[in-house]
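Residues per chain, in single letters:
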2 protein chains.
Amino acid sequence: MYTRIMETDPWIIRSQKLETEHKRLQESLTSIGNGYMGARGSFEESYSADSHLGTYIAGVWFPDKTRVGWWKNGYPKYFGKAINAVNFAKVKIFVDGSEVDLAKNQVSDFSVALNMQTGVLRRSFTVSGVKFDLTKFFSVARKELAVLRWDVVSADGKTHKVRIESLIDADVKNEDSNYEGKFWQVLDKAAQTGESHIASQTVENPFGVEQFIVNAHQVFAGDFAETAQTAADWQVGNVFEAEAGSEAKAFEKRVIVTTSRDYQGLAAVEAAGRDLVAKIKNETFEDLLAAHENSWKRRWEIADVVIEGSDEAQQGIRFNLFQLFSTYYGEDARLNIGPKGFTGEKYGGATYWDTEAYAVPLYLSLAEPQVTRNLLQYRRNQLPQAQHNAREQGLAGALYPMVTFTGIECHNEWEITFEEIHRNGAIAYAIYNYTNYTGDETYLAKEGLEVLVEIARFWADRVHFSKRNGQYMIHGVTGPNEYENNINNNWYTNTLAVWVLTYTRDALAKYPRPDLCVSADELAKWNDIIEKMYLPFDQELNVFVQHDGFLDKDLRPVSALSKDDLPLNQKWSWDKILRSPFIKQADVLQGIYFFGDKFSLDEKRRNYDFYEPMTVHESSLSPSIHAILAAELGKGEKAVEMYERTARLDLDNYNNDTDDGLHITSMTGSWLAIVQGFAQMKTWGGRLSFAPFLPTAWKGYAFHINYRGRLLKVEVGTEVKLTLLKGEALELSVYGEPVKLENSFATALKK
Amino acid sequence: MYTRIMETDPWIIRSQKLETEHKRLQESLTSIGNGYMGARGSFEESYSADSHLGTYIAGVWFPDKTRVGWWKNGYPKYFGKAINAVNFAKVKIFVDGSEVDLAKNQVSDFSVALNMQTGVLRRSFTVSGVKFDLTKFFSVARKELAVLRWDVVSADGKTHKVRIESLIDADVKNEDSNYEGKFWQVLDKAAQTGESHIASQTVENPFGVEQFIVNAHQVFAGDFAETAQTAADWQVGNVFEAEAGSEAKAFEKRVIVTTSRDYQGLAAVEAAGRDLVAKIKNETFEDLLAAHENSWKRRWEIADVVIEGSDEAQQGIRFNLFQLFSTYYGEDARLNIGPKGFTGEKYGGATYWDTEAYAVPLYLSLAEPQVTRNLLQYRRNQLPQAQHNAREQGLAGALYPMVTFTGIECHNEWEITFEEIHRNGAIAYAIYNYTNYTGDETYLAKEGLEVLVEIARFWADRVHFSKRNGQYMIHGVTGPNEYENNINNNWYTNTLAVWVLTYTRDALAKYPRPDLCVSADELAKWNDIIEKMYLPFDQELNVFVQHDGFLDKDLRPVSALSKDDLPLNQKWSWDKILRSPFIKQADVLQGIYFFGDKFSLDEKRRNYDFYEPMTVHESSLSPSIHAILAAELGKGEKAVEMYERTARLDLDNYNNDTDDGLHITSMTGSWLAIVQGFAQMKTWGGRLSFAPFLPTAWKGYAFHINYRGRLLKVEVGTEVKLTLLKGEALELSVYGEPVKLENSFATALKK
């Protein structure tokens, strides 16, 4: 079941259809952003039918008071939300005095096209005899700048009077406000000839959270003549007019958005806005556009994955990389990768364990090490808050949150907030991953150990010793498979806990840190846990056991279900889901993926063959891990099936929820599936290796990676070709054979 | 830790203190009701400090839209709430033009006294030189009638002008509205000389739930002269004045409350009000009071438990019986026993499994069989809704709700709503209990089997067969111990499930019901489950195991905790509570109590000794079951300790939450502790037996019971004396010896 509303094209997300039924879906798919701000592809002009207007500014959020049915001790007081901010792209357009509203007008020649190569959104339509061509981008070269340009021309040979009111509207709200509260208030506004601005601030909150100020300042260029200014309680604007005849007239709106995240206080935020306006005011549209397009070009030079033989697959991976980079390109260490980026407001929070588990591997390969280091530093900066979270549960050490902005836990389901603690292992794993991939141990030695020791202390307190069994256990957890809650001895969680203790102990031995006060007694306790942790394993089946009760279930494969049962999360009661053997996403297999060098191919195969048939992949994070393992196990068809689910999850609206926004944190999945899956890139023990396979339907694929100061190009077709584009020669392995890569190396594709 | 604000007296709940700090607690403790309506003891006149005004009418409720943080499939759409209804007791009192407000006035001679023997609440105070004596009762003889009488006299020798505005105020709200919604609207109102009335109706709801109409109609008597009438949007009233001199002047307010539960439509509800007003208008206060007091007297003749040697214990049991009967005396088969009765609005719902598990045994002994039969019939009437509840979970048969008004589940915590399904066993158990106690099998044969078969079908679908173990299991439940959730194979739940299947099968064999279409295959499946159900038992410890993971916990007694840890539900995070071995209320022991004839004294002792030390009794339903078992096991001191916790739970505010209202459904606990505990009354196999013990601090205790057409009096002191007050001779057992009771029988107390 999928819905595909955009054309298949290697670089363009395009539709010629004015979607009314799937308006929100189209808006999600045409979202753009530059890491600093972004917006859904909702129309700039008035649109009177269903639509979800959304403009978001990175790091600007609101602590909405927690809503629960029944309070449990330990719940956080607020749920932080990425909030819909000032609508600075707004216009009202009038043709011969009648307002343009595509929900009501007779529209022809409609098209919308997002060019992923250049990061430019174009939209065209003809109404009332006039053709409008909109070009819009959020500049990657100048983060505070949004540019919108309308080219207006007569389509019927007559001359029409076109009026454009260019507005900034601070009267916006979130669709998911817990108590119908308003999140914004206007602080200051002004409109004068040639410019206008409005400064709004998040309303007061009882949680001591910063009230953010956002100032949007617009100036104009083009062929239209200004006739008036407007101001209302929540809105400012400038009014322009032109005669639209056979020659196109341009109207250009340039907006500078500054915030209290970068400047302190209203006066400074506004002054910064004025300064930046002065800088861009006199530049040509072409120069602004070129700077932006060149920045995207440089990103693609490293990041692009070229697929020959499948435009669908090609479009899918590029869409994912485009939207991921639109959300986060690592420039600001205060930011992280929110679940919906700038494309929606569901779920709230800016930071999930998805970052460490699924995004870090990609940024390690496609960006400079500093970008990943920024992501790690983000968690180091939030260590005090993670300690607070542990204290809230009555536990020692640090518990990184499920969902957060500041490090303080926001989520409020006990089975997740209190129990899905495996997330704390992923934070530690990312430190290992960075260190192992880059070879840079300086982070581990300093900030890394500060984080690791506190996570280790959490685990050492969270386990309990079962006298009857003479083993340590971890009760009351939810594993990655969220279709089971409050289980005991989740193999994945127990495995991660032991690994954290081991890795931390060993790192401390290598980089002693007396300042962290790990006593001999504490180390002895850690060693005792490492030695005596219970890791459920079934002798008969010869598999790791997902958790204590799993094998008692009525075990059946997904194939035994009827089509009507799927997706379970829509068709079944929660009661049935919990008791069923069906798995939402990789759980035991997630552990096997994380520690792939610790398990034999045979172990991997047995566990994969046991668990995958019971997996429904109803988490967007599931298919990529299965694609990687399937590829390693020579299950090519399955690997491709899983790739396709992750690559076009949003483009084909697989989960029927892309209306709400894109699955940003899952977007690394298709890249992981190709690079770690199809190409079998591994970095175990600090040594790079590949063992590529080529999907039968494809002619070839190619990608680049950064690795320890080198830039490599990997091409897989009838042969496998590695090219060293930058950096010193490198010892690596291809299909298990050592290769010293100096310029390039080629070998036949192994089937 | 307890708070005792009322004097200790065998029959009176009295205080001379105008409580400001514990105002809500005092209000809860001075609640009165007559099964049809009731109110907290909040003041009738204006009181400008903190207070919780609450007036409730049985069966009048509102479906408040469900509030959750995260929706789960299967959640009900609304949460039914017993709602605060029209405040018909309201007055404004003025002395020489100044309004009486005890929060602001200089007050002397304050006293409040609830006489439990007569069901009359009295309150006195002197302000501004005038003494007021209020007498208030909700007539048990005429359910629609509330009477309030103020006797007013000068206290300083001067004459004062006293004005009383007697109001009916429909502008009331619930403290726990989910979305700050208003639940009431005014339909009609009128005020004229000598009377006024207001009819209000619950507002519209999207769930198809009946909108209740409540009409309150007041008339007056006494020495005051009417001077005016008042009306406002939400309020009507009549104004009276008198000179208060040395001779007392009486002002009497009589209110008739009629509702759409008894009369259809506004006109009929109002007309019924007028008719009833006409009936009571000309009666004397003394006659109205006497009729009411006589009704209470008749109740006490059967129900009273006399305790010699402890006024505290005496007051405790009477308070519980009084409040229980004020809530429910079995007159109306459409009603049930709400968790807070007419004393508060927390928790919502009218019906919990508490009724079947804890209240039925008391009503069986203290009321006519018809009362219990009404309680059973209530569930039979809600069978279609219980089937609906099962369907919502994707299951066969019927699932009785956790919380309800109509039978439709209202509660919305997945771990309770979906998982605390043992409640379904208690519904069946009550049918057995009624049948076994009364000897009347006609209910079982007809309505009983209709309910039993559907409950049996639920269990047969809810179990699963674990191939690995070759046994049936029940995963994903919450037992009576709500400090563990989503556990597997709760011994209590599994035991109840097998018992339901067995009892239903056997009853069907005795009373064939082809109309219920239980097929041979279905019976075979039931038999297979009965035979192969997994009931966790530990060989080494020789105890039944609470659930699969219990023995893996870090098992410790409550005595190992510090005082600062208790109560756990206030001091610990939910995470710590869930993982701990500490038990909220009887779980395995609840099963041993239900099926006491199936277990040897040795089995009882082993399980009691294993589980009780880990039990924190943080449910008000816990101590009574432990008192009963402790008494049986000869643990007298423990039995008394447990009795004291249940008997004075509210009077001494043990759980620090009586402010919110009384624990009505737990109030049977002290009676159970004395009758089934101290006196060891049992009815196994349809044979009555006693084996009394006397707490060392007491001189004696006595109670009555109805049993199969007899009325017995049981006296326990230096000897145990049974007297047959009514009915035919009866074969029973005392201390295991057969006794044929004709008139009376006495034997020495066994120590």
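Residues numbered from 1 in each chain as written. Chains lettered and ligands numbered in written order. Predicted model: local features only at pLDDT ≥ 70, side-chain atom pairs only at ≥ 80, totals over all residues. Heavy atoms only, no water.

Draft legend 1. Expanded view of the pattern of salt bridges. In the structure shown here, the tally under the stated rule is 118 salt bridges over all chains. For arginine 40 of chain A, the salt bridge is made with glutamate 27 of chain A, and the minimal N-O distance between the two is 3.0 Å. Here the residue arginine 40 of chain A occupies a position in the loop between strand 3 (37-39) and strand 4 (55-57), and glutamate 27 of chain A occupies one in helix 1 (residues 23-29), the gap between them amounting to 13 residues. A salt bridge links aspartate 262 of chain B to arginine 334 of chain B; its shortest N-O distance comes to 2.9 Å. Residue aspartate 262 of chain B is found in the loop between strand 19 (249-259) and helix 2 (265-281), and its partner arginine 334 of chain B is found in the loop between helix 4 (311-327) and helix 5 (354-366); the two are separated by 72 residues along the sequence. In this structure arginine 334 of chain B comes out as partly exposed when scored by relative accessible area, which is 42%. Linked through salt bridges whose partners overlap, the residues forming this network are Lys143, Arg261, Asp262, Asp332 and Arg334 of chain A. (Salt bridge = Lys/Arg side-chain N within 4 Å of Asp/Glu carboxyl O. Helix = DSSP H or I, 4+ residues; strand = E, 2+ residues; numbered from the N terminus. Buried < 20%, exposed > 50% of the residue type's maximum accessible area, 1.4 Å probe, protein only.)

Draft legend 2. Examining the UniProt feature "domain: Glycoside hydrolase family 65 C-terminal" (unreviewed entry) in chain A more closely. As annotated by UniProt and renumbered to match this structure, "domain: Glycoside hydrolase family 65 C-terminal" (unreviewed entry) occupies residues 681-741 of chain A. In this annotation, residues 681-741 of chain A is assigned 0% helix and 57% strand; the end-to-end C-alpha distance for the span is 15 Å. (UniProt positions renumbered as here; feature names shortened; annotations may be inferred.)

Draft legend 3. Just the relation of the copies chain A and chain B, in detail. In screw terms, the move from chain A to chain B is a rotation of 180° and a rise of 0.1 Å along the axis, fitting with an RMSD of 0.0 Å. On the angle and the small slide along the axis, the relation comes out as a two-fold axis. Minimal C-alpha distance to the rotation axis in chain A is attained by valine 68 of chain A, lying at 2.3 Å. The residues that chain A uses at the interface reappear at the interface of chain B in 100% of cases, marking a shared surface. (Least-squares fit on C-alpha atoms with pLDDT ≥ 70 in both. Contact = heavy atoms within 4.5 Å.)

Draft legend 4. A look at the sheet that holds strand 13 (residues 160-169) of chain B. Residue and element names in this part refer to chain B. Across the sheet, which stays open at both edges, the five strands sit in the order 8-7-13-18-17 with antiparallel pairing between neighbours. Two strands close off the open sheet at either side, each with one partner strand: strand 8 (98-99) and strand 17 (225-232). Bridging between strand 17 and strand 18 (residues 235-244) involves seven bridges; their strand directions are antiparallel. Among the inter-strand pairings, alanine 231 is bridged to a residue of strand 18, identified as valine 236. (Pairing = 2+ DSSP bridges.)

Draft legend 5. Quick peek at the side chain of asparagine 653 of chain A. Residue and element names in this part refer to chain A. Inspection of the secondary structure puts asparagine 653 in the loop between helix 18 (636-647) and helix 19 (668-678). One polar contact links the side chain of asparagine 653 to the main-chain amide nitrogen of aspartate 657, over a distance of 3.1 Å. Among all residues touching asparagine 653, those that are not within four sequence positions of it are Tyr2, Thr3, Leu25, Arg648, Thr658 and Asp659. (Polar contact = N/O pair within 3.5 Å; in protein donor to acceptor, adjacent residues only side chain to side chain.)

Draft legend 6. Representation of the interface of chain A and chain B in the model. Between chain A and chain B, the residue contacts involve 52 residues of the former and 52 residues of the latter. Looking only at chain A, the three residues that lose the most surface to chain B are Trp70, Asp552 and Arg579 of chain A, adding up to 18% of its buried area. Between chain A and chain B we count 12 salt bridges in total. Lysine 72 of chain B serves as the salt-bridge partner of glutamate 413 of chain A, at 2.7 Å between the closest nitrogen and oxygen. The tally of links between chain A and chain B comes to 38 residue pairs in polar contact (both at pLDDT 80 or more). Put simply, the parts of the chain that give the side of chain A that touches chain B at least two residues each are helix 8 (414-417), strand 21 (464-466), helix 13 (568-571) and helix 14 (574-579) of chain A. (Buried area = accessible area lost by both parts, 1.4 Å probe.)

Draft legend 7. Geometry of the sheet that holds strand 26 (residues 700-707) of chain B. Residue and element names in this part refer to chain B. Reading across from one edge, 20-26-27-28-31 is the order of the five strands in this open sheet, with antiparallel pairing throughout. Where the open sheet ends on each side, the last strands, each with one partner, are strand 20 (306-308) and strand 31 (744-748). Pairs of neighbouring strands in the sheet enclose a mean axial angle of 15°, with direction left out of account. Sheet topology places strand 28 (residues 719-726) next to strand 31; five bridges connect them, and they run antiparallel. Bridged to threonine 723 within strand 31 is serine 744. Set on the sheet, helix 19 (residues 668-678) makes contact with strand 20 and strand 26; between it and strand 26 the angle comes to about 90°. (Axes fitted to C-alpha atoms, helices over the stretch in contact; angles between N-to-C directions.)

Draft legend 8. Region of the structure containing the environment of glycine 309 of chain A. Relative to the elements of secondary structure, glycine 309 of chain A occurs in the loop between strand 20 (306-308) and helix 4 (311-327). When the C-alpha positions of glycine 309 of chain A and tryptophan 296 of chain A are compared, they lie 25 Å apart, and in sequence the two are 13 residues distant.

Draft legend 9. How the structure looks around the nonpolar core. Within the largest apolar cluster, 225 residues are counted, with the highest numbers of intra-cluster contacts made by Phe88, Tyr363 and Ile674 of chain A. Phenylalanine 88 of chain A has contacts with Met37, Thr55, Phe138, Ala146, Leu167, Ile168, Ala216, Lys253, Val255 and Val257 of chain A, leaving out every residue within four places of it along the chain. In this structure, Val95, Leu114, Val140 and Leu335 of chain B belong to the second largest nonpolar core, which totals 224 residues. (Core = buried A, V, L, I, M, F, W, Y, C linked by side-chain atoms within 4.5 Å.)

Draft legend 10. A look at the pairing of strand 30 (residues 737-741) of chain B. Pairing of strand 29 (residues 730-734) of chain B with strand 30 of chain B involves five bridges; the strand directions are antiparallel. Counterpart to valine 734 of chain B in the pairing with strand 30 of chain B is glutamate 737 of chain B.

Draft legend 11. Representation of helix 10 (residues 442-462) of chain A. Residues and elements named next belong to chain A. Across its 21 residues, helix 10 extends 29 Å between first and last C-alpha, which sits within 8% of the 30 Å expected from 1.5 Å per residue. Most pronounced at glycine 448, the bend in helix 10 amounts to some 60°. Most of helix 10 sits out of view: 18 of its 21 residues are buried. (Expected span 1.5 Å × (residues − 1). Bend = angle between axes of the 7 residues up to and from the residue.)

Draft legend 12. Quick look at the packing of helix 11 (residues 491-510) of chain A against helix 12 (residues 520-532) of chain A. Residue and element names in this part refer to chain A. Following both chains from N to C, one finds helix 11 and helix 12 inclined at 140°, their axes separated by 9 Å at the closest point. In terms of axis orientation, helix 11 runs oblique to helix 12. Here helix 11 and helix 12 pass one another in a crossing that is left-handed. Where helix 11 approaches helix 12, its residues Val498, Leu501, Thr502, Thr504, Arg505 and Leu508 are matched on the opposing element by Leu523, Trp526, Asn527, Ile529 and Ile530. Classifying every residue of the contact of helix 11 with helix 12 gives seven nonpolar, three polar and one charged. (Parallel < 35°, antiparallel > 145°, perpendicular 65-115°, else oblique. Left-handed = near helix turned anticlockwise from the far one by under 90°. Nonpolar A, V, L, I, M, F, W, Y, C, P; charged D, E, K, R; others polar.)

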